[in-house]
Amino acid sequence: PCFAARVGRMKWLDIPPNWLFAALLAAYFVPWRVPFGAVFNGVGTLLVVLGFGLIFAALVWFWREKTTPVPHMEADALITSGVFAVSRNPIYLADLLLLAGFALRWDAPLGLALVPVLRYILIRRFIEPEEARLSVSFGMQYTNYQAKTRRWV
């Protein structure tokens with residue numbers, strides 16, 4: 001295939017769920033375990049439930065507003081209500097919660113160490129480019145939204 005086709009395929013591989021999945025695989029398969037205990041196991045379960053709940057809620061809002069959740073695509077609408085009134089990036093926040101939650105459930109300290117790494121990747125590869133596109137597409141409406149709604153929580 002031509003170079004453009006290969007780049008197009010790579011763009012579709014470079015999506016946040018794949019980065020989360022890679023971090024989860026690393027956390028799960030690295031054999032180093034530290035028994036965190038029942039309390040941390042419960043906290044991990046809560047984080048996983050919150051993470052999946054945030055993803056579901058955000059996807060419902062994407063569907064309601066008829067816009068795409070795919071980071072590399074142009075948004076047709078600026079969503080500022082629902083979970084997006086609390087966080088500009090509820091799905092990315094959910095990714096971090098899922099990684100931390102599963103790390104606690106699996107007694108996997110590597111997973112906890114990967115949370116700030118995944119956060120950095122999400123900011124640089126996805127959030128900053130999305131913010132630039134949204135700023136161009138929605139102008140002052142997006143600037144006002146940024147001023148009143150934090151990036152994470």
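Keep in mind that this is a model prediction, so the values were computed, not measured.

Asker: Is there a simple way to explain the overall build of the protein in this structure?
Answerer: Regarding its fold elements, the protein presents five helices and zero strands. For the protein, the succession of helices and strands along the chain, N to C, is α-α-α-α-α. In terms of overall dimensions, the protein has C-alpha extents of about 50 × 45 × 25 Å along its principal axes. Across the 153 residues that make up the protein, the buried fraction comes to 39%.

Asker: How should I be thinking about helix α4 (residues 90-105) in this particular structure?
Answerer: Under the 1.5 Å per step criterion, the end-to-end length of α4 is 22 Å for 16 residues, consistent within 8% with the ideal 22 Å. Of all 16 residues in α4, 13 are buried, a share of seventy percent or more.

Asker: Is there a simple way to think about the pattern of salt bridges in this case?
Answerer: Two side chains with opposite charge may pair up if their charged atoms get near one another. Tallied over the full model, the rule gives four salt bridges. Linking Asp 14 and Arg 125 is a salt bridge whose minimum nitrogen-to-oxygen distance equals 2.6 Å. Here Asp 14, found in the loop between α1 (3-13) and α2 (16-29), pairs with Arg 125, found in helix α5 (residues 109-148); they are 111 residues apart in sequence, far enough to count as distant. The class of Arg 125 is partly exposed, set by a relative accessible area of 42%. Arg 151 is the salt-bridge partner of Glu 131, the closest N and O atoms lying 2.7 Å from each other. A residue pair is termed long-range when its members are at least 10 positions apart, and Glu 131 in helix α5 and Arg 151 in the segment after α5 qualify at 20 residues. Residue Arg 151 is classed as partly exposed on the basis of its relative accessible area of 23%. Salt bridges here are not isolated pairs; linked through shared partners, they connect Arg 88, Glu 131 and Arg 151.

Asker: Got a minute to help me understand the nonpolar core in this structure?
Answerer: One broad trend across soluble globular proteins is that nonpolar side chains are buried collectively. Counting residues in hydrophobic clusters, the biggest one holds 35 residues, and the most contacted among them are Phe 84, Leu 99 and Trp 152. Those elements that place two or more of their residues in this core are α2, α3 (38-65), α4 and α5. The biggest single contributor to this core is α5, with 11 residues. Look past the residues within four positions of Phe 84 in its chain and what remains in contact with it is Ala 58, Trp 61, Phe 62, Ile 79, Pro 90, Tyr 145 and Thr 149.

Asker: Sorry, what's going on with the packing of α4 against α5 here?
Answerer: Relative orientation and spacing of two packed helices are given, respectively, by the angle between their axes and the distance between those axes. The contact between α4 and α5 brings their axes to 10 Å, and the two run at 170°. By the angle class used here, α4 and α5 are roughly antiparallel. Regarding α4 and α5, the two cross each other, and that crossing is right-handed. Between α4 and α5, the contacting residues are Tyr 92, Asp 95, Leu 96, Leu 99, Ala 100, Ala 103 and Leu 104 on the first element and Gly 111, Leu 112, Leu 114, Val 115, Leu 118, Arg 119, Leu 122, Phe 126, Ile 127 and Glu 130 on the second. When grouped by side-chain class, the residues that make up the contact of α4 with α5 number 13 nonpolar, one polar and three charged.

Asker: Got a minute to help me understand the environment of Phe 62 in this structure?
Answerer: Inspection of the secondary structure assignment puts Phe 62 in helix α3. Along the primary structure Phe 62 and Thr 143 are separated by 81 residues, whereas in three dimensions their C-alpha atoms are 20 Å apart. If near-sequence neighbours (up to four positions away) are discounted, Phe 62 is found in contact with Thr 67, Thr 68, Pro 69, Ile 79, Phe 84 and Ile 91.

Asker: Where do I start with unusual backbone geometry in this structure?
Answerer: Peptide bonds are mostly trans, and most non-glycine residues show a negative phi. Positive phi is not limited to glycine here, since Lys 66 has a value of about 55°. Structurally, the position occupied by Lys 66 is in the loop between α3 and α4. At Asp 107, a position not held by glycine, the phi torsion is positive, near 55°. As for its position among the elements, Asp 107 is in the loop between α4 and α5.

What counts and how
- Residues numbered from 1 in each chain as written.
- Predicted model: local features only at pLDDT ≥ 70, side-chain atom pairs only at ≥ 80, totals over all residues.
- Heavy atoms only, no water.
- Helix = DSSP H or I, 4+ residues; strand = E, 2+ residues; numbered from the N terminus.
- Buried < 20%, exposed > 50% of the residue type's maximum accessible area, 1.4 Å probe, protein only.
- Expected span 1.5 Å × (residues − 1).
- Salt bridge = Lys/Arg side-chain N within 4 Å of Asp/Glu carboxyl O.
- Core = buried A, V, L, I, M, F, W, Y, C linked by side-chain atoms within 4.5 Å.
- Contact = heavy atoms within 4.5 Å.
- Axes fitted to C-alpha atoms, helices over the stretch in contact; angles between N-to-C directions.
- Parallel < 35°, antiparallel > 145°, perpendicular 65-115°, else oblique.
- Left-handed = near helix turned anticlockwise from the far one by under 90°.
- Nonpolar A, V, L, I, M, F, W, Y, C, P; charged D, E, K, R; others polar.

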